[in-house]
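If you want the building blocks of each chain, they are given just below.
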Amino acid sequence: GFFDEVDYRIKRERAGEVYGSTSVVTTTAPGVAFSNAPMMINVPMTYGLTATTPPRRVTEAQGHAKRIDFEGENQLRMRDATYSTCKPERQDWYMRAEDIHLDYDREVGELSNASIYFKEAPIFYLPMASFSLNSKRKSGFMTPWFSTSTKNGGDFTLPYYWNLAPNYDVTFFPRAIARRGFQLGTETRYLGYLYSGDGRFEYMPDDDLANRSRYAYNWNHIHNLGRGLTAAINWNGVSDVNYWTDLSSRLLQTAQIQLPRKLTLGYAPGSWWSASATWLTTRNREI
């Protein structure tokens, strides 16, 4: 079957079933969102990771297509179509593509010759791409970053996200700086039953302007030791005091003037009192 010149809306509630615009969805499992908000030491950090696979929530999509073909059970192909997960009455962003294939068996969507729009303005072109149809994390290249300055010249980063497991992932940040050279960065996040954390490491083997290798690292970890006892570590370091000024393109890092190295031990045996001890040392950055 097929439709021509159609406004569509798709709701999918369970694996193997695709519902049309007349479906009624009564339950929605809560999703797990990434969060970098500060937390107390005795509260584990999830960072969007889950120790077990989270309940699947209802996924929705809507848009307009010049033609939709039904290519089999759970297989839809749309020509000259738009695709968005926003509500129809509030469509902030959408994709416009020459061809969109929705595979609900693999729970993956594929598109070709597409552009991403925000508030009706095109912001990015994709010759080919794939995306998740079930709100789960998916390995693949992320949106590249590009900037330029009189000091460093062109600065280009192409992140790659690797979803290793429901409770562990890694992101690679290969970066090319025109006047300095090549830098590789990695970010790892993990979550266990009694612990969680993340670490980041950046390394440039040869900075052409500074004539030396340069690096930076950060490690955050929190651990539940049992019986109300918790421990946390926040450890930072750089190769030299001008690292953030020379190599950072993000304001938060550029404005950072202290690198804390902190160990914290907390004790909360009951709900009405708690105690903690902290060892802290910092390294100041030259201004």
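Source: prediction; values computed, not measured.

Comments concerning the packing of aromatic side chains
In step 1: Enumeration over the complete set of coordinates arrives at 12 aromatic pairs.
In step 2: Where F141 meets Y160, the ring centres are 5.0 Å apart and the plane angle is 70°; that geometry is what we call edge-to-face. Taken together, the residues span a long stretch of sequence, with F141 in strand 7 (residues 140-141) and Y160 in strand 10 (residues 160-165) at a distance of 19 residues.
In step 3: Taking relative accessible area as the criterion, Y160 reaches 29% and is therefore assigned partly exposed.

What about the nonpolar core?
In step 1: Membership of the largest hydrophobic core comes to 20 residues, with the highest contact counts inside it found for M78, Y83, I100, L102 and L111.
In step 2: For this core, the secondary-structure elements that each account for two or more residues are strand 1 (2-12), strand 2 (59-72), strand 3 (75-83), strand 4 (93-103), strand 5 (108-118) and strand 6 (121-132).
In step 3: Contacts of M78, omitting those with residues within four sequence positions, involve Y8, A65, R67, I68, Y83, E98, D99, I100 and L102.
In step 4: Among the nonpolar cores identified, the runner-up in size contains eight residues, and I177, V238, Y243 and L259 belong to it.

Considerations on unusual backbone geometry
In step 1: Although it is not a glycine, N74 sits at a positive phi angle of roughly 70°.
In step 2: Checked against the element boundaries, N74 lands in the loop between strand 2 and strand 3.

Here's the deal with the environment of N220
In step 1: Position of N220 relative to the elements: it lies in strand 14 (residues 212-226).
In step 2: In sequence terms N220 and I233 are 13 residues apart; their C-alpha atoms lie 5.6 Å from each other.
In step 3: Once you skip the residues sitting within four places of it in the chain, N220 turns out to touch Y190, S196, G197, D198, I233 and N234.
In step 4: Side-chain polar atoms of N220 contact the side chain of N218, separated by 3.0 Å.

Things to note about the environment of S274
In step 1: By secondary structure assignment, the location of S274 is in the loop between strand 16 (258-267) and strand 17 (275-284).
In step 2: Given the relative accessible area of 56%, S274 is considered exposed.
In step 3: On a C-alpha basis, the gap between S274 and G228 in space is 9.0 Å, while along the polypeptide they are 46 residues apart.

So, the side chain of T171
In step 1: Here T171 is to be found in strand 11 (residues 168-177).
In step 2: T171 gets classed as buried once you look at its relative accessible area, which sits at 8%.
In step 3: Contacts of T171, omitting those with residues within four sequence positions, involve M142, P159, Y160, Y161, G185, T186 and E187.

Thoughts on the environment of R67
In step 1: Along the chain, R67 turns up in strand 2.
In step 2: The partly exposed category is assigned to R67, whose relative accessible area is 30%.
In step 3: On a C-alpha basis, the gap between R67 and F3 in space is 5.5 Å, while along the polypeptide they are 64 residues apart.
In step 4: Discounting residues that sit within four places of it in the chain, R67 has contacts with F2, F3, D4, E5, R77, M78 and R79.
In step 5: Side-chain polar atoms of R67 contact the side chain of D69, separated by 3.0 Å.

A few points about the side chain of H101
In step 1: With respect to the helices and strands, the residue H101 is situated in strand 4.
In step 2: Other than its neighbours up to four places away in sequence, H101 contacts E71, Q75, L76, R77, V108, G109 and E110.

So, a nonpolar patch on the surface
In step 1: Taken together, W93, F118, I123 and F124 make up a surface patch of nonpolar side chains, about 380 Å² in accessible area.
In step 2: Within the fold, F124 resides in strand 6.
In step 3: By relative accessible area, which is 34% here, F124 ends up partly exposed.

A closer look at the sheet that holds strand 2
Paired through backbone hydrogen bonds, the strands of a sheet run either parallel or antiparallel to each other.
In step 1: The strand order across the open sheet built from six strands is 1-2-3-4-5-6, with neighbouring strands paired in antiparallel fashion. Of all the strands in the sheet, just strand 1 and strand 6 have a single pairing partner and so form its edges. Taking the axes of each pair of neighbouring strands and ignoring which way they run, one obtains an average angle of 30° across the sheet.
In step 2: The pairing of strand 4 with strand 5 spans 10 bridges and is antiparallel. Within strand 5, the residue paired with L102 across the bridge is G109.

Brief notes about the pattern of salt bridges
In step 1: Tallying each qualifying case throughout the model produces 23 salt bridges.
In step 2: Two residues, K87 and E60, come together in a salt bridge whose shortest N-O distance is 3.5 Å. Taken together, the residues span a long stretch of sequence, with K87 in the loop between strand 3 and strand 4 and E60 in strand 2 at a distance of 27 residues.
In step 3: Across the pair R67 and D69 runs a salt bridge whose closest N-O atoms are separated by 3.0 Å.
In step 4: Taking the relative accessible area as the measure of exposure, D69 reaches 14% and is therefore buried.
In step 5: Through salt bridges with shared partners, a single ionic network connects K151, R180, D207, R212, R214, D240 and D246.

Cut-offs used in this document
- Residues numbered from 1 in each chain as written.
- Predicted model: local features only at pLDDT ≥ 70, side-chain atom pairs only at ≥ 80, totals over all residues.
- Heavy atoms only, no water.
- Phe/Tyr/Trp six-rings, centres within 6.5 Å; stacked < 30°, edge-to-face > 60°.
- Helix = DSSP H or I, 4+ residues; strand = E, 2+ residues; numbered from the N terminus.
- Buried < 20%, exposed > 50% of the residue type's maximum accessible area, 1.4 Å probe, protein only.
- Core = buried A, V, L, I, M, F, W, Y, C linked by side-chain atoms within 4.5 Å.
- Contact = heavy atoms within 4.5 Å.
- Polar contact = N/O pair within 3.5 Å; in protein donor to acceptor, adjacent residues only side chain to side chain.
- Patch = residues over 30% accessible without salt bridge, like charges linked within 9 Å, V, L, I, M, F, W, Y side chains within 5 Å.
- Areas by Shrake-Rupley, 256 points an atom, 1.4 Å probe, with all protein chains shown as cover.
- Salt bridge = Lys/Arg side-chain N within 4 Å of Asp/Glu carboxyl O.
- Pairing = 2+ DSSP bridges.
- Axes fitted to C-alpha atoms, helices over the stretch in contact; angles between N-to-C directions.

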